[in-house]
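Coordinates in review
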Amino acid sequence: MAILMDAAEVNRRLAAGERLVLLDVRWVLGRTDGHEEYLSGHLPGAVFVDLPSQLADHAQPDRGRHPLPSTARFQEAARSWGINDGDTVVAYDNSGSMAAARAWWMLRNAGLEEVYLLDGGLAAWRAAGYPEETGEVSAVVGNVSLREGLLPTITEREAAAWPGDGILLDARAGERYRGEVEPIDPRAGHIPGAVSAPTTANVDDAGHFLPAGELRRRFGSLGVTEGAKVAVYCGSGVTAAHEIAALAIAGFEAALFPGSFSQWSNNGANPVAVGAGPFDGAGPSGTSRVSGSSVEP
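Residues numbered from 1 in each chain as written. Predicted model: local features only at pLDDT ≥ 70, side-chain atom pairs only at ≥ 80, totals over all residues. Heavy atoms only, no water.

Section: the pattern of salt bridges
Under the definition given, this model contains 19 salt bridges. Among the ionic pairs, E226 bridges to R216, the shortest N-O distance being 2.4 Å. Within this pair, whereas E226 is found in the loop between α9 (212-221) and β8 (230-233), its partner R216 is found in helix α9, the two being separated by 10 residues in sequence. Owing to a relative accessible area of 60%, E226 belongs among the exposed residues under this scheme. Taking the relative accessible area as the measure of exposure, R216 reaches 32% and is therefore partly exposed. A salt bridge links E243 to R218; its shortest N-O distance comes to 3.4 Å. With a gap of 25 residues between them, E243 in helix α10 (residues 239-250) and R218 in helix α9 connect regions that are remote in the sequence. (Salt bridge = Lys/Arg side-chain N within 4 Å of Asp/Glu carboxyl O. Helix = DSSP H or I, 4+ residues; strand = E, 2+ residues; numbered from the N terminus. Buried < 20%, exposed > 50% of the residue type's maximum accessible area, 1.4 Å probe, protein only.)

Structure follows, in structure tokens:
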């Protein structure tokens, strides 16, 4: 199943009057100006998706910073974006699909089949010189009926055991994986046994996903082979969805650990490894470089 739709195809469909639901998911960790940027310019007819409030529940120590919302809550949001059963949906952002992939994964997980990422995002649309609109778009409420659990996920307990007979990929930046810095979660480092696989290596300098062959070679170098059990986590389950999309383009299926490191590191019973290797510096449960909790109690 195709993951990407390029700007030329989106423009062709819009020009032909074909129905597309366009989702603008502009969100970057540590910034709150996504909506303002959307208002200043977006794809024609695109509705704004607020990731923290519509693609996540409130943060909880035992579920992480961006827990998946209930199916009922997510369905309400999807209908507010104007999605009907059978619609074709294209999600985009202006950060290499790092945020848009969260919407893509959640909608696919909820049963929508025709969901795509705009390859290259808003930057690709602008580079092609296609038209934009400004201001808010309020969609006619849709009638989509969502399900849950159509894509694989793993629990905190499964993440602990996963490296024993599978590949657990850490999609965060390398310095966070190694434990050199931790800007938001309570402990620095990674889940013991996890392999560093930053999402930024999935795309080129313009934010386009690498070709399938290159992605396949990339993941192969990390130990991913045909038939391997693969799972992915990041800080809070957002950019891990991007890694799952890249793996799918390469021909591999992967499970998501929704709570990711924000859930793992909030549980003092979980050990944390610090260093460049999967088990480097793995200390006892509760080992920490940063005190405090990353979420509200």
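Structural notes on the packing of aromatic side chains
In this structure the tally under the stated criterion is 3 aromatic pairs. When the ring of Y38 is compared with that of F48, the centres are 5.4 Å apart and the planes differ by 45 degrees; the resulting orientation is tilted. One end of the pair, Y38, is in helix α2 (residues 34-40); the other, F48, is in strand β3 (residues 47-48), and 10 residues separate them in sequence. Note on accessibility: Y38 and F48 belong to one class, buried. Arranged with centres 6.1 Å apart and planes meeting at 70 degrees, the rings of F74 and W81 form a pair that is edge-to-face. Given a relative accessible area of 4%, F74 falls into the buried group. The aromatic ring of F261 is capped on one face by R172, whose charged end is 4.3 Å from the ring centroid. Sitting over the ring of W162, K229 keeps its end group 4.4 Å from the ring centre. (Phe/Tyr/Trp six-rings, centres within 6.5 Å; stacked < 30°, edge-to-face > 60°. Lys NZ or Arg CZ within 6 Å of the ring centre and 35° of its normal.)

Some words on helix α5 (residues 100-109)
The α-helix winds at 3.6 residues per turn, so residues separated by three or four positions along the chain end up facing the same way. Counting buried positions along α5 gives 10 out of 10 residues, so the element sits mostly inside the fold. Along α5, the positions that sit buried rather than exposed are A100, A101, R102, A103, W104, W105, M106, L107, R108 and N109. Remark: G111 follows α5 within two positions and exhibits a positive phi of approximately 110 degrees.

Let's talk about α9
Of the residues making up α9, those classed as buried are L215, R218 and F219. All buried residues of α9 project into a common sector of 90 degrees when viewed along the axis, lining one side. In α9, those exposed residues whose orientation departs by more than 90 degrees from the buried face are R217 and S221. Check the buried side of α9 and you find it contacts β6 (167-170) and α10. Positioned one or two residues after α9, G223 has a phi angle of 100 degrees, which is positive. (Arc of directions from axis to C-beta. Contact = heavy atoms within 4.5 Å.)

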